[in-house]
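Understanding the architecture of this molecule
Residue-level listing of the chains:
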Amino acid sequence: MTIAHMWFDPKCPWAWITSRWLLEVEQVRDMRVRFHVLSLSVLNEGREGLEDWYRQWLDTGWGPARVAIAAEQKYGNEVLRDLYTALGTRIHHRKTPIDRDLYLAALAEAGLSPELADAAETTDYDEALLASNQAGLAPIGEDLGTPAIHVPGPDGELVAFFGPVVTPIPRGEAAGRLWDGVLLVAGTDGFYELKRSRTRRPIFD
C-alpha cells in the first residue's frame, strides 16, 4: 500500500477539495493518506505586500491550525484525519464562524478533549506549526503552500509537489485517474510546473 502524506491548512478551500479527492482515491487505489498541518498564517507571517482581504483571512487562520497541531501532539497523527474532517465540514460547507464554539464542536465530533480549544489563543504550539510547515515545504519550495503532498516514487525516492488545485472534487474512478496522472508527471525527473488560470471558485459538492 502506498502512503501519501498531505499537508493542509484547515481554512484553505483548495486544500479541503484536494483532501476530499484523496479520500476518494483511497477507495479506488491501494493507497492511504496521512494528514499533517501546514499553517498559511505561519507561512505568511511578516510578509509585506499582501492584499488586505488575504491578511484578514490569515488572521483567523491561526486558531484552527493551532488546535489541529495541539491535537496531533496530544493524541498522535492519526487523529488529524477525523479532526480535519470535522473542522473542514464546518468551515467550508456550513460556513460556521471560526471561534471557540467551532473548535469545541469539531473536537467533540472527533472524540478529543475540549481543552484543546484553548490552543487557539496561545502561541505555545507555533513552534510545532513552524516545524510542520518546514517538513511539508522543504522538498517542494518554501514559497509554495497547501495542498502539499509527499509520496514515495517507483524507485522509493520521495516525490513531493504542491497541488493539485482542482474543482469540483473528482469522484470514483475519475479520482483514481487523476491520481495516476499526478504521480506520473510529478515523478518525472526535472518536471516542475503545469498550470493554467483558474476560472471557477472552489466547489465543495
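From a predicted model like this one, the values you see are computed outputs, not experimental measurements.

Thoughts on the nonpolar core
Core analysis: the biggest nonpolar cluster contains 63 residues, and Met6, Trp21 and Leu83 have the highest contact counts within it. Here this core takes 8 residues from helix α1 (residues 13-28), the largest share from any one element. Each residue touching Leu83, except ones within four places of it in the same chain, is listed here: Val67, Ala68, Ala71, Ala106, Leu107, Ala110 and Leu112.

Thoughts on the packing of aromatic side chains
Under the defined criterion, the tally for this structure stands at 7 aromatic pairs. Ring geometry for Phe35 and Tyr84: centres 5.6 Å apart, planes at 70 degrees, overall edge-to-face. In this pair, Phe35 sits in strand β2 (residues 31-37) while Tyr84 sits in helix α5 (residues 79-93), placing the two residues 49 residues apart along the sequence. The class of Phe35 is buried, set by a relative accessible area of 1%. Exposure remark for Tyr84: the relative accessible area of 1% places this residue in the buried category. Through pairs of rings, three or more aromatic residues link up here, namely Phe8, Trp16, Phe35 and Tyr84.

Digging into the packing of α1 against α5
Closest axis-to-axis distance for the α1/α5 pair is 11 Å, and the angle between their directions is 130 degrees. The orientation of α1 relative to α5 falls into the category oblique. Every pair of crossing elements has a handedness; the one defined by α1 and α5 is left-handed. Residues Pro13, Ala15, Trp16, Ser19, Arg20, Leu23 and Glu26 of α1 form the contact with α5, whose own contacting residues are Arg81, Tyr84, Thr85, Gly88, Thr89, His92 and His93.

So, the sheet that holds β2
The 4 strands lie next to each other as β2-β1-β3-β4, forming an open sheet whose pairing is mixed. The sheet is open, and its two edges are formed by β2 and β4 (158-162), each paired on a single side. The average angle at which neighbouring strand axes cross in this sheet is 20 degrees, direction not considered. Note: strand β3 (residues 148-152) against β4, 5 bridges, orientation antiparallel.

Some points on the pairing of strand β1 (residues 2-8)
Relative to β2, β1 runs parallel, the two sharing 7 bridges. Bridge assignment links Phe8 to a residue of β2, and that residue is Val37. Handedness of the crossover joining β1 and β2 through α1: right-handed. Both β1 and β3 contribute to a ladder of 3 bridges, which runs antiparallel. Within β3, the residue paired with His5 across the bridge is His150.

Points about the environment of Glu142
For Glu142, the position within the fold is in the loop between α7 (126-137) and β3. For Glu142, a relative accessible area of 43% puts it in the partly exposed group. For Glu142 and Leu43, which are 99 residues apart along the polypeptide, the C-alpha to C-alpha distance reads 8.3 Å. For Glu142, the contacting residues outside a window of four places in its chain are Leu43, Gln134 and Leu137.

Looking at the pattern of salt bridges
Within this structure, the stated rule accounts for 8 salt bridges. Glu26 serves as the salt-bridge partner of Arg81, at 2.6 Å between the closest nitrogen and oxygen. Of this pair, Arg81 sits in helix α5 while Glu26 sits in helix α1, and the two are 55 residues apart along the sequence. Assigned by exposure class, Arg81 and Glu26 land together as buried. The closest approach of N and O atoms between Glu109 and Arg90, which form a salt bridge, is 2.7 Å.

Analysis parameters
- Residues numbered from 1 in each chain as written.
- Predicted model: local features only at pLDDT ≥ 70, side-chain atom pairs only at ≥ 80, totals over all residues.
- Heavy atoms only, no water.
- Core = buried A, V, L, I, M, F, W, Y, C linked by side-chain atoms within 4.5 Å.
- Buried < 20%, exposed > 50% of the residue type's maximum accessible area, 1.4 Å probe, protein only.
- Helix = DSSP H or I, 4+ residues; strand = E, 2+ residues; numbered from the N terminus.
- Contact = heavy atoms within 4.5 Å.
- Phe/Tyr/Trp six-rings, centres within 6.5 Å; stacked < 30°, edge-to-face > 60°.
- Axes fitted to C-alpha atoms, helices over the stretch in contact; angles between N-to-C directions.
- Parallel < 35°, antiparallel > 145°, perpendicular 65-115°, else oblique.
- Left-handed = near helix turned anticlockwise from the far one by under 90°.
- Pairing = 2+ DSSP bridges.
- Right-handed = clockwise from strand over helix to strand, strands pointing away.
- Salt bridge = Lys/Arg side-chain N within 4 Å of Asp/Glu carboxyl O.

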